[in-house]
Amino acid sequence: MQATIYKSTGSWYVVKTNDGEIYQARMKGIFKKNEDITSTNPVAVGDLVEIEPEEGDAANAMITEIGERRNYIVRSSPHGRLKKHIVAANVDQAVLICTLKEPKTSQGFIDRFLVTAAAYHVPVILIFNKKDIYREKELERFAELEELYTGIGYQVMLISAKEEDGIDEVRALLKDKTTLASGHSGVGKSSLINDLLPGLDLRTTAVSGWSGKGLHTTTSAEMYDLPDGGRLIDTPGVREFGIVDIPKAELSHYFLEMVPYLSECQFNNCLHINEPGCAVKQAVNDGEINVDRYVSYATILETINEKEY
Ligand SMILES: Nc1nc2c(ncn2[C@@H]2O[C@H](COP(=O)(O)OP(=O)(O)OP(=O)(O)O)[C@@H](O)[C@H]2O)c(=O)[nH]1
Ligand SMILES: [Zn+2]
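All values derive from a computational prediction rather than experimental measurement.

The rules behind these values
- Residues numbered from 1 in each chain as written.
- Chains lettered and ligands numbered in written order.
- Predicted model: local features only at pLDDT ≥ 70, side-chain atom pairs only at ≥ 80, totals over all residues.
- Helix = DSSP H or I, 4+ residues; strand = E, 2+ residues; numbered from the N terminus.
- Buried ≥ 20, exposed ≤ 12 C-beta atoms within 10 Å, placed from the backbone.
- Contact = placed C-beta atoms within 7 Å.
- Domains from an automatic or database assignment.
- Core = buried A, V, L, I, M, F, W, Y, C linked by C-beta atoms within 7 Å.
- pLDDT = per-residue confidence, 0-100.
- Expected span 1.5 Å × (residues − 1).
- Arc of directions from axis to C-beta.
- Pairing = 2+ DSSP bridges.

Looking now at the overall build of the chain. Helix and strand counts for the chain come out as eight helices and 13 strands. Counting the 309 residues in the chain, one finds 37% classified as buried. Residue pairs at least 24 apart in sequence account for 63% of intrachain contacts in the chain once pairs closer than 6 positions are excluded.

Structure representation (structure tokens):
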């Protein structure tokens, strides 16, 4: 019967059938051998699978088949730079939870996430949390970022998970969709998920001490059914999404505001760094492309190791 992976703990998976039955499932050995060697996990949260309940054991099942993925999001594996770890599969959209205070999310981090999501054709909603502690400086910065990212085509929101401010708007955006929720540790992802899923009571951690860095409390991705319909995938406090699947020459395709200029560069293999006649750099000079976004582009470009392809 068909089921969906709701949680993966390495060798065991929690799956839910279309009828809402929950099983603990294992992979049949043969699939492990067939797995894509560049990925460290053969099955990820959100994957559609075929399962066979085990005889004499009502709660256990065997995964016998893995359905084709509509899309997936990866990060580089902690087990080696060349390996990738599939964070989640078959997602409709992603929310990146950010904050401008305690601890501030860097624009570089946001842009890295946006590139990864764009490469997998996953739309992103940027949610800035902790509105309740923003002063004038943060509110001004938010207004700048809102203008920048909405101009590129992303949805941007300002909320307070703590004061449940803006949560209805978030709920409306998640309804009937499968949404990946991500954000670095301490941004308030667990707090937001608790608002969206009353009764779940995810552990939240006070941001530790003077460093303002959050403690890492979530350990593996997990999917939840939302009360109004739709599903939410909670991912571990991802510090860094690896741009593992993108060749240098393609990176600019995922900076969506650069796309209209790409065909105007003098060289068709232009990387938009030192080349003469570069339409992207011209657009940056003319103020048509945001200079911080261009800096993110150049920074990410440097981290791409072509040997990986
Ligand atoms: N002022 C304020 N604090 C918040 C808000 N949301 C969360 N926090 C606080 O921020 C800290 C981190 O919140 P969590 O919800 O644990 O953050 P997380 O992103 O899930 O962090 P990890 O579990 O480490 O991944 C806690 O002290 C929360 O109380 C908010 O809207 N405003
Ligand atoms: Zn160029």
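Here we come to the domain arrangement of the chain. Note on interface size: it is often stated as the accessible area lost on association of the parts. The domain architecture assigned to the chain consists of domain 1 (2–68), domain 2 (73–234) and domain 3 (248–308). Tallying the contact residues gives 11 residues for domain 2 and 11 residues for domain 3.

Moving on to the nonpolar core. The biggest cluster of nonpolar side chains holds 70 residues, and the ones touching the most others in it are Ile73 and Ala88. The greatest single-element share of this core, amounting to six residues, is contributed by helix H2 (residues 107–119). Beyond its immediate sequence surroundings of up to four residues, alanine 88 is in contact with Ala44, Val45, Gly46, Tyr72, Ile73, Leu180, Ala221, Ile233 and Thr235.

The subject of this paragraph is the environment of leucine 200. Looking at the element boundaries, leucine 200 is found in the loop between helix H5 (189–196) and strand S12 (222–225). Overall, leucine 200 belongs to the partly exposed group, with 13 C-beta atoms counted inside 10 Å. Those residues in contact with leucine 200 that lie beyond four places of it in its chain are Ile193, Asn194 and Tyr224.

Let's shift gears to unusual backbone geometry. The peptide bond linking glutamate 102 to proline 103 adopts the cis configuration, its omega dihedral lying at -5°. Counting through the fold element by element, proline 103 comes out in the loop between strand S8 (93–99) and H2. You will see that asparagine 90, though not glycine, has its phi angle at about 55°, which is positive. Inspection of the secondary structure puts asparagine 90 in the loop between strand S7 (84–89) and S8. The residue glutamate 164 is not glycine, and still its phi comes out positive at about 50°. Examined against the element boundaries, glutamate 164 turns out to sit in the loop between strand S10 (155–158) and helix H4 (167–174).

Mean pLDDT over the chain: 86, with 83% of residues reaching 70 or higher. This model gives residues 207–218 a pLDDT under 50, and the stretch forms 28 contacts once residues within four places in sequence are excluded. Complex prediction metrics read pTM 0.87 and ipTM 0.96.

So, on to helix H8 (residues 291–303). What sets the pattern is the α-helix's 3.6 residues per turn: residues three or four places apart point alike. In this model H8 runs 19 Å from its N-terminal to its C-terminal C-alpha over 13 residues, within 8% of the 18 Å that 1.5 Å per residue would give. Those residues of H8 that sit buried are Arg293, Ser296, Tyr297 and Ile300. Buried residues of H8, viewed axially, fall in a sector of 100°; they line one side. Turned more than 90 degrees from where H8 packs its buried face, Val291, Thr299 and Glu302 sit exposed. Buried residues belonging to H8 abut H2.

For isoleucine 51, the position within the fold is in strand S4 (residues 48–53). Overall, the presence of 22 C-beta atoms within 10 Å leaves isoleucine 51 in the buried class. Sequence spacing of isoleucine 51 and arginine 26 is 25 residues, and the spatial spacing of their C-alpha atoms is 9.2 Å.

Here strand S1 (residues 2–8) pairs with S4 via three bridges, running antiparallel. Bridge pairing in S4 links glutamine 2 to glutamate 50. Here S1 runs beside strand S2 (residues 12–17); their pairing, made up of five bridges, is antiparallel. Counterpart to alanine 3 in the pairing with S2 is threonine 17. Here S1 folds back onto S2, and the loop between the two strands holds three residues, one of which, glycine 10, carries a positive phi near 115°.

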